[in-house]
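# Commentary on secondary and tertiary structure
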Amino acid sequence: MSRDLIAHNRPVYDDLHPRVYGAAAGLVAWFVLSAWILFDRQNEVELSLMFVSVLLFVAVFLPWLLSQIWQRYDYRHDPHPRSIPFREWRKGEFAVWGSTINSTHATIDMLLPLAAVAFGLTAIGIVFLICASLAP
């Protein structure tokens, strides 16, 4: 562990690593799949599940599409000459509103709500199935 109060010579990144976006999309897919698998037991639920699925698809697809457009027409700075490995990216700093935070903390801040919702819905669905199977 370093004794420096301020970490020196750490690179500062202004965008998240592609693996973080992949993990976020995976957690959203987990949420949708667990909703369909664990709660699709009646005909009345299918319409609500379809609306939620479309909403989450748009919530993932639209930012991805905008990021592709941004990368194509961004002339502010040159793209990185090589892709940055995740280990190197997570040791750096992440630019947030004129300040910086640790990249690992930025990743946790982004993925924690998605993981809590996805895993929480799965746990609720499992309890729902157990209670439904034990009901007379």
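Residues numbered from 1 in each chain as written. Predicted model: local features only at pLDDT ≥ 70, side-chain atom pairs only at ≥ 80, totals over all residues. Heavy atoms only, no water.

Averaged over every residue, the pLDDT of the protein is 85; residues scoring 70 or more account for 88%. Per-element confidence in the protein ranges from a low mean pLDDT of 84 for strand 1 (residues 12-13) to a high of 93 for helix 4 (residues 103-134). (pLDDT = per-residue confidence, 0-100. Helix = DSSP H or I, 4+ residues; strand = E, 2+ residues; numbered from the N terminus.)

With 32 residues, helix 4 ought to run about 46 Å at 1.5 Å a step, and its terminal C-alpha atoms sit 46 Å apart, in line with that. The largest bend in helix 4 comes to about 35°, at Leu 111, with the proline Pro 113 one to four residues further on. All buried positions along helix 4 are accounted for by Ser 103, Ala 106, Thr 107, Leu 111, Ala 115, Ala 118, Leu 121, Thr 122 and Gly 125. Packed against the buried residues of helix 4 are strand 1, helix 1 (18-39), helix 3 (86-90), strand 2 (93-96) and strand 3 (99-102). For helix 4, the N-terminal cap is Asn 102; the gap from its side-chain oxygen to the backbone nitrogen of Thr 104 is 3.1 Å. (Expected span 1.5 Å × (residues − 1). Bend = angle between axes of the 7 residues up to and from the residue. Buried < 20%, exposed > 50% of the residue type's maximum accessible area, 1.4 Å probe, protein only. Contact = heavy atoms within 4.5 Å. Polar contact = N/O pair within 3.5 Å; in protein donor to acceptor, adjacent residues only side chain to side chain.)

The next point concerns the packing of aromatic side chains. Evaluated as defined, the whole model comprises 6 aromatic pairs. Summarising the aromatic geometry, the rings of Trp 30 and Phe 119 are spaced 5.2 Å apart at their centres and angled 85° between planes, so their arrangement reads as edge-to-face. Taken as a pair, Trp 30 in helix 1 and Phe 119 in helix 4 lie far apart in primary sequence, 89 residues in all. For Trp 30, a relative accessible area of 42% translates into the label partly exposed. Residue Phe 119 is classed as partly exposed on the basis of its relative accessible area of 44%. Centroid distance Phe 61 to Trp 64: 5.9 Å. Interplanar angle 35°. Geometry classified as tilted. Linking Phe 61 with Trp 64, this pair stays in helix 2 (residues 43-73), spanning 3 residues, or about one helical turn. Taken together, the aromatic side chains of Phe 57, Phe 61 and Trp 64 make up a single cluster linked through ring pairs. (Phe/Tyr/Trp six-rings, centres within 6.5 Å; stacked < 30°, edge-to-face > 60°.)

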